[in-house]
2 protein chains.
Amino acid sequence: MTTYTAPVEDTQFVLHEVLNVSQSDIPGYDELDRDFTGAVLEEAGKLAKNVLEPLNKVGDEQGCKLENGVVRTPDGFKEAYDELRAGGWNALDCDPDYGGQGMPHLLNTAVSEYFTSANIAYAMYAGLSHGAIAAIQTHGSDQQKATFLPKMIEGEWSGTMNLTEPQCGTDLGLIRTKAEPQDDGSYKLSGQKIWISAGDHEMTENIVHLVLARASGSPEGIKGISLFIVPKYHVNEDGSIGARNGVSCGGLESKMGIHGNATCVMNYDEATGYLIGDLNKGMRAMFTMMNEARLYVALQGYALGEIAYQNALGFALDRLQGRDATGVKNPDGPADPIIVHPDVRRNLMDQKSFVEGARAFCLWGAKLLDEAHRKDDKDADDMLSLLIPVLKGFLTDKGFETTVLAQQTLGGSGFTTEWGLEQYVRDCRIAMIYEGTNGIQSLDLVGRKLGLNGGKTAMAFFEEVKSFLKENEGDERLKGPFLDPLKEASKRLQNAAMFFMQNGAKNPNDVLAGSYDFMHLFGHVCLGLMWAHMAKAAYAALDAGTGNPEFYETKITTGKYYMARQLPMTETNLARILSGSETVMALDAANF
Amino acid sequence: MTTYTAPVEDTQFVLHEVLNVSQSDIPGYDELDRDFTGAVLEEAGKLAKNVLEPLNKVGDEQGCKLENGVVRTPDGFKEAYDELRAGGWNALDCDPDYGGQGMPHLLNTAVSEYFTSANIAYAMYAGLSHGAIAAIQTHGSDQQKATFLPKMIEGEWSGTMNLTEPQCGTDLGLIRTKAEPQDDGSYKLSGQKIWISAGDHEMTENIVHLVLARASGSPEGIKGISLFIVPKYHVNEDGSIGARNGVSCGGLESKMGIHGNATCVMNYDEATGYLIGDLNKGMRAMFTMMNEARLYVALQGYALGEIAYQNALGFALDRLQGRDATGVKNPDGPADPIIVHPDVRRNLMDQKSFVEGARAFCLWGAKLLDEAHRKDDKDADDMLSLLIPVLKGFLTDKGFETTVLAQQTLGGSGFTTEWGLEQYVRDCRIAMIYEGTNGIQSLDLVGRKLGLNGGKTAMAFFEEVKSFLKENEGDERLKGPFLDPLKEASKRLQNAAMFFMQNGAKNPNDVLAGSYDFMHLFGHVCLGLMWAHMAKAAYAALDAGTGNPEFYETKITTGKYYMARQLPMTETNLARILSGSETVMALDAANF
């Protein structure tokens, strides 16, 4: 019942008219001309629509099954995996030295959006592998790289990340999984990991687990954690698959959504593992992959918002109910399509204006990641680090909200399984939780990122907004609808940061109690900035008479909606922040 | 894994210290002394905790099944139904002339909250019966009352409401179900109804369907709709059950939540029906029951918020993760309970301050209903009519949000089926949709209710706020934290209403595009008023030295939180409203 069409024109607009990728000096970006990205995106869009989307409901209904120790993925997932793997889609931005295609991460991100919209439970299998590949690429020894990367990049093997244990989620210092050093330099790992996405399945012939554990003799707490590679099957010297290692799936989690992805309890029973990176530096190894992982989760938020919006829109155009208050629009029908009703439009515009702004924000983040990695640009890396908690927290909160709005567009049909919208709501909900809950993102933002480089990175962000405002202040078309509200929202963000500075030393709770609203305030400023950029680009195209004027006029109108109807939220965010921590902290725990 | 304790002390506080029920001159309220209501509430709380709550997850997991034309409810539902029926709980506020207990609706509402928190899917069976009883009581002939009411009130038979058809939800003028008049004065009904809650089951020996249909020869549209009684089994002259009537369950809807409630496709195939009320006045008959039905859905929103909060709180007190930023609180444990973290508290306080405010608001609504019915007080009836869309729309939106917040408190555990929170989210979602979507509520508010009696009812509401502010302006304890923010929020609500008045005639879309935010703005003012009342009552008790001071201090702190952290939302609501309809209406439907 659901449909999906990849928003290629929108992605192209962001890549080429907002981020101007082919004019960038980031190595590899010269290849990203409009025709090339267009061809890649069209092809990815077709796969998303024709291969992945039809399996989305199948995945939800069948889920994964653990049978005699073997995890079965839903019907068709393995075939889809083989088809995408054959097309090289897993390896798009991987290292060419190990068989990857060496494309910028930006392009991979754009493509990931489509796959994720179409079928998040499926897309996560490749997403998790991608994280494991990045970890080995960055921290592995040459031998580890040679052993694991070619097979993983080719997609013959997949990968997972193993962090959480029953007693520790956020607080990884509490990890109990033990690693006993062996004479041959390997370790024997024992312990239990939970909530391991894509933890076990038969889509690939081997699975390479990256596992956080504490080596014997290492200190307590976070400083004694190391990262290990634990393959599901031992790997022989010649690279072939050997005997089963001591790791197995102990159960599948029953959960609200993403049923098609196997969320596993993983039991390690003297499993052979190999230290990756330095002993006791496991957290640092995780941290270097965190930006990429969190950026991907940010994407999940708006990617599900996108497909939910598309289906809500389809319903609103078809469903006949009631009449336009200002005059009948469909006189030959029994009623008008519900899109005539202002409140239905409000709902749809909330969805549309968020998703399009979010796409620009997320692709900006991906460009910063490329800049950091490919140019070794520390400023870009720092800016990305500042923005990551905003990207992850804000885009997944608002993405979830968007799926709920889209569900509401359908009325009673939205609550039924048949129409599919309720699945998007259930699937999207996880994005607010994993890869660090959004509460944790907000703490990361105010506790760590805001003070990065003594606050210089945050200042650089404000400068970026300011210089855009200054550069464009002469454009009357931008000023009222875009620049003024952006300026005001940015000022509010600065006021909030100032409040934190003034009060934080005296009372850290004044900062912590406002962290969540600060993250949202920051997010709105970022989307406001994105919309101002997009409006500028759209006016430029209209002035130049290039492209489809309706496309650009629609962009401008959608942007105006965001500025007028979403940015006022920053007023509320600021008021909540300035109310401080008193009412938050006043109750004794016993009196809640 | 979930637990529930009925918040009897909170309910008692609202009934006796805020609404001062036993001093009211509403007939029947003199019986509602503190001991009596306490005994009823304690007993209801025990049933909710011990009988209904343990079946909540069972109902979700098993759902209902249609087997050989028979709908099977989840294990234990029938036994629970029999137990509650034997205790007279179905008949609490029903007419004593037909076997009811004649209690005020207020008490029934307070009790319904507990049953609904514990198991909404179960509670809906009795809830739907209650609506059907009210319809027959109000519009039925003496013979119809005598035939149906005693059995329904006793609970031997149940009832349903049949409105929706595939082509018509909101727009009931499109109803196609036909009613052919017969020589004996009865009708033969043919057509299909969908999404009929509690539409079929075997918990009662007969089901009395109230069905909207169009009699042959009646006009097109809404003016040709009549209401009919269609029993599942014919009723013999002596009141005993006869042959099966031509109505059957054609299928069960697969849906996001409330799995334990049978949501049925109902097929009418020349089913014998009896006109209730006047021919072609079916909508009027429905309208008279609407306030009560919508008040019950409003209750569902915060009732699920309440149980979600209780379970989130339990988790936050138990779960050890991280350390208090201002100093270790649990030095003997591996970490502090997460309730020490300000952002976890923010989350919990959002939940708590909403639920307690919502309870007061909803019980105020129930009191108005009693005033309207028992005193035949038109002003109370009008005030309730004004508030109903706010109660339904705001309390279910915020109730759902509360379940999502509570789920977030649990982190990854919140996403798992095991912990139960995700069920509250799924179950609560329907409350925003049925009994008129919340978008429809907002249209009802601005299109119909705001102008009720030429705006006098709305003015009376503003007067009520104003006179409370005036009355208490000398109380310094109330002024800063309660009266000032309430005054400001109320002013914003008046400004919004003014904007509608000034622009509505010229451009109705300026009103309609702001309707949703207006509903929320109104809701915040109502909860602000409730919190101000509760704070006043709490200070009075503290001054008098009665009761448990911690209870009252907690109330005041919780209220301060709501005023400081929730009422600022009204600023954003107003800004969105004042932005008018331009950005909402600008896009052609084809350009979305």
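As a convention, each chain's residues are numbered from 1 in the sequence order in which they are written. As they are written, the chains are lettered A onward and the ligands numbered 1 onward, keeping that order. Only residues with pLDDT of at least 70 get local features here, since the model is predicted, and only at 80 or more are side-chain atom pairs given and counted; chain-wide, interface and lining totals rely on the full set of residues. Calculation of side-chain values draws on the structure's entire complement of heavy atoms; hydrogens and water are dropped beforehand.

Right, let's get into the overall build of chain A. Note on conventions: DSSP H or I runs of at least 4 residues are helices, E runs of at least 2 residues are strands, and numbering of each starts at the N terminus. Check the secondary structure of chain A and you find 20 helices and 11 strands. In this setup the radius of gyration rests on C-alpha atoms only. A globule is expected at 2.2 Å times the number of residues raised to 0.38. A globule of 592 residues ought to have a C-alpha radius of gyration of about 25 Å, and chain A, at 24 Å, matches this closely. With the C-alpha coordinates of chain A rotated into their principal frame, the extents come out at 80 × 60 × 55 Å. With 592 residues in all, chain A has 64% of them scored as buried. Contacts are assigned to residue pairs with any non-hydrogen atoms lying within 4.5 Å of each other. The contacts of chain A with a sequence gap of at least 6 include a subset with a gap of at least 24, amounting to 74%. Here chain A has roughly 20500 Å² of accessible surface; of this, 50% comes from carbon and sulfur atoms. When charges are counted, Lys and Arg contribute as positive and Asp and Glu as negative, whereas His and the chain ends are disregarded. By convention, charge coordinates are those of NZ in Lys, CZ in Arg, CG in Asp, or CD in Glu. Distance between charge centroids for chain A: 5 Å, based on 53 positive and 79 negative side chains. Summary of the burial criterion: residues with accessible area below 20% of their type's maximum are buried, those above 50% are exposed, and those between are partly exposed, where the area comes from a 1.4 Å probe applied to protein chains only. Using a 1.4 Å probe, accessible areas were evaluated by the Shrake-Rupley method; residue-level cover was limited to the displayed protein chains.

What follows concerns the relation of the copies chain B and chain A. Relating the two copies of this chain is a rotation about some axis coupled with a shift parallel to it. For these two chains of identical sequence, chain B goes onto chain A by a turn of 180 degrees and a shift of 0.0 Å along the axis, with RMSD 0.0 Å. Expressed as a symmetry operation, the mapping of one chain copy onto the other fits a two-fold axis. Rotation axis and chain B: the residue whose C-alpha lies nearest the axis is T572(B), separated from it by 3.1 Å. Interface residue correspondence from chain B to chain A reaches 100%, placing this contact among same-surface, isologous pairings. To line up the copies, we fit them by least squares on C-alpha atoms, keeping just the residues with pLDDT of at least 70 in both.

Right, let's talk about helix α19 (residues 569-578) of chain A for a bit. Looking only at α19(A), the buried set comprises T570(A), T572(A), N573(A), L574(A), R576(A) and I577(A). Its buried side turned inward, α19(A) meets α15 (476-504) and α17 (515-544) of chain A together with α9 (342-374), α18 (549-565) and α19 (569-578) of chain B. G580(A), located one to two residues past α19(A), shows a positive phi value of around 70 degrees.

Our next topic: the UniProt feature "domain: Acyl-CoA dehydrogenase/oxidase N-terminal" (unreviewed entry) in chain A. UniProt's feature table lists "domain: Acyl-CoA dehydrogenase/oxidase N-terminal" (unreviewed entry) at residues 78-156 of chain A, given in the numbering used throughout. Here residues 78-156 of chain A runs as 71% helix and 0% strand, with 12 Å between its end C-alpha atoms. UniProt positions are given in the numbering used here, feature names are shortened, and annotations may be inferred rather than shown by experiment.

All right, on to empty space enclosed by the protein then. Residue and element names in this part refer to chain A. Using protein atoms alone on a 1 Å grid, points that fit a 1.4 Å probe yet trap it form a cavity, whereas open point sets bounded by protein on both sides within 12 Å along at least five of seven lines form a pocket; residues with an atom within 4 Å of a point count as lining. Grid points are joined across faces, edges and corners, and a volume is the space filled by probe spheres set on the points. What the rule picks out here adds up to 3 cavities of 30 Å³ or more. What the largest cavity holds in volume is close to 50 Å³. In terms of lining residues, the largest cavity is bounded by Y81, N90, A126, S129, H130, M152, G155 and W157. Sort the elements by how many residues they give to the lining of the largest cavity and helix α6 (residues 120-139) lands first, with 3 residues.

Here α19(A) crosses α19(B) at 165 degrees, and the two axes come no closer than 7 Å. The angle between α19(A) and α19(B) falls in the class roughly antiparallel. Seen along the crossing, α19(A) lies across α19(B) with a hand that is right-handed. Two secondary-structure elements touch here, α19(A) through M569(A), E571(A), T572(A) and A575(A) and α19(B) through M569(B), E571(B), T572(B) and A575(B). Here the term charged refers only to Asp, Glu, Lys and Arg, the term nonpolar to Ala, Val, Leu, Ile, Met, Phe, Trp, Tyr, Cys and Pro, and the term polar to all other amino acids, Gly among them. Split by residue class, the contact of α19(A) with α19(B) holds 4 nonpolar, 2 polar and 2 charged. Helix axes use the C-alpha atoms of the stretch in contact, all axes being lines fitted to C-alpha atoms, and the angles between their N-to-C directions lie in the range 0 to 180 degrees. Oblique is the label for any angle not under 35 degrees, not over 145, and not in the 65 to 115 range, which are roughly parallel, roughly antiparallel and roughly perpendicular in turn. Definitions for this section: a left-handed crossing has its near helix turned counterclockwise from the far helix by less than a right angle. A right-handed crossing has that turn clockwise.

Moving on: the interface of chain B and chain A. Every contact between the two is made by 92 residues of chain B and, on the other side, 92 residues of chain A. Accessible area that two parts lose when put together, with a 1.4 Å probe and added across both, is what the buried area reports. Roughly 7600 Å² is buried in total at the junction of chain B and chain A, and carbon and sulfur atoms are behind 60% of that figure. A per-residue breakdown of the area chain B buries against chain A is headed by F415(B), R565(B) and F592(B), which together make up 12% of the total. Take a side-chain nitrogen of Lys or Arg and a carboxyl oxygen of Asp or Glu: if they are within 4 Å of each other, that pair is a salt bridge. Linking chain B with chain A are 4 salt bridges, by the criterion used here. R565(A) is the partner of D517(B) in a salt bridge, and the nearest nitrogen-oxygen pair spans 4.0 Å. Any pair of N or O atoms that falls within 3.5 Å is considered a polar contact. Within protein, one atom must be able to donate a hydrogen and the other to accept it, and sequence-neighbouring residues count only if both atoms are side-chain atoms. Linking chain B to chain A there are 45 residue pairs in polar contact (both at pLDDT 80 or more).

The next subject is the packing of helix α5 (residues 105-118) of chain B against α9(B). All names here are of chain B. Packing of α5 against α9 brings their axes to within 8 Å, and their N-to-C directions diverge by 150 degrees. Judged by the inter-axis angle, α5 sits roughly antiparallel to α9. By crossing handedness, the relation of α5 to α9 is classed as right-handed. Contact residues: H105, L106, T109, A110 and E113 in α5; R359, C362, L363, A366, K367, L369 and D370 in α9.

With that settled, consider the packing of aromatic side chains. Only Phe, Tyr and Trp rings take part, Trp by its six-membered ring, and two of them pair if their centres are within 6.5 Å. Stacked means planes under 30 degrees apart, edge-to-face means over 60, and tilted covers everything else. Under the definition given, this model contains 30 aromatic pairs over all chains. Summarising the aromatic geometry, the rings of F315(A) and W419(A) are spaced 5.2 Å apart at their centres and angled 85 degrees between planes, so their arrangement reads as edge-to-face. Placement of the pair is F315(A) in helix α8 (residues 282-318) and W419(A) in the loop between α11 (412-415) and α12 (421-429), with a sequence separation of 104 residues. A centroid spacing of 6.2 Å and a plane angle of 40 degrees characterise the contact between F361(B) and W364(B), whose relative ring orientation is tilted. Note that F361(B) and W364(B) are positioned in helix α9 at a spacing of 3 residues, about one turn of the helix. Judged by relative accessible area, W364(B) falls into the buried class, the value being 9%. Through a chain of ring-to-ring contacts, the aromatic side chains of F461(A), F462(A), F499(A), F500(A), F518(A) and F522(A) assemble into a single cluster. In this structure, R346(A) packs its charged tip against the face of Y516(B), placed 4.2 Å from the ring centre. Consider the ring centre and the ring normal. A charge sits over the ring if Lys NZ or Arg CZ is within 6 Å of that centre and within 35 degrees of that normal.

All names here are of chain A. For the domain bounds, the source is a domain assignment made automatically or taken from a database. As assigned here, chain A comprises domain 1 (8-139), domain 2 (158-281) and domain 3 (450-581). Once you take the C-alpha centre of each, domain 1 and domain 3 turn out to be 30 Å apart. On the domain 3 side, the residues contacting the 6 residues of domain 1 number 8 residues. Between domain 1 and domain 3, a total of about 620 Å² is buried, with carbon and sulfur atoms accounting for 67% of that surface. Where domain 1 packs against domain 3, one counts 1 salt bridge. Residue D10 pairs with K555 through a salt bridge whose shortest N-O separation is 2.5 Å. Counting every contact that joins domain 1 to domain 3 gives 2 residue pairs in polar contact (both at pLDDT 80 or more).

This part takes up the environment of A123(A). Residues and elements named next belong to chain A. Among the secondary structure elements, A123 is positioned in helix α6. Under the relative-accessibility criterion, A123 is labelled buried at 7%. Separated by 71 residues in sequence, A123 and L52 place their C-alpha atoms 8.7 Å apart.

What follows covers unusual backbone geometry. Residue and element names in this part refer to chain A. One non-glycine residue, N20, lies in the positive phi region at around 45 degrees. In this fold, N20 is placed in the loop between α1 (8-18) and α2 (34-52). Despite not being glycine, N453 has its phi angle at roughly 50 degrees, a positive value. Mapping N453 onto the fold places it in the loop between α13 (438-449) and α14 (456-471).

UniProt tags residues 280-444 of chain A as "domain: Acyl-CoA dehydrogenase/oxidase C-terminal" (unreviewed entry). In this annotation, residues 280-444 of chain A is assigned 74% helix and 0% strand; the end-to-end C-alpha distance for the span is 22 Å.

All names here are of chain B. Position of E156 relative to the elements: it lies in the loop between α7 (142-154) and β3 (157-162). For E156, a relative accessible area of 23% puts it in the partly exposed group. Each C-alpha atom, one on E156 and one on T204, is 5.5 Å from the other, the two residues being 48 residues apart in sequence. Excluding anything up to four places from it in sequence, E156 contacts R85, K151, T204, E205 and N206.

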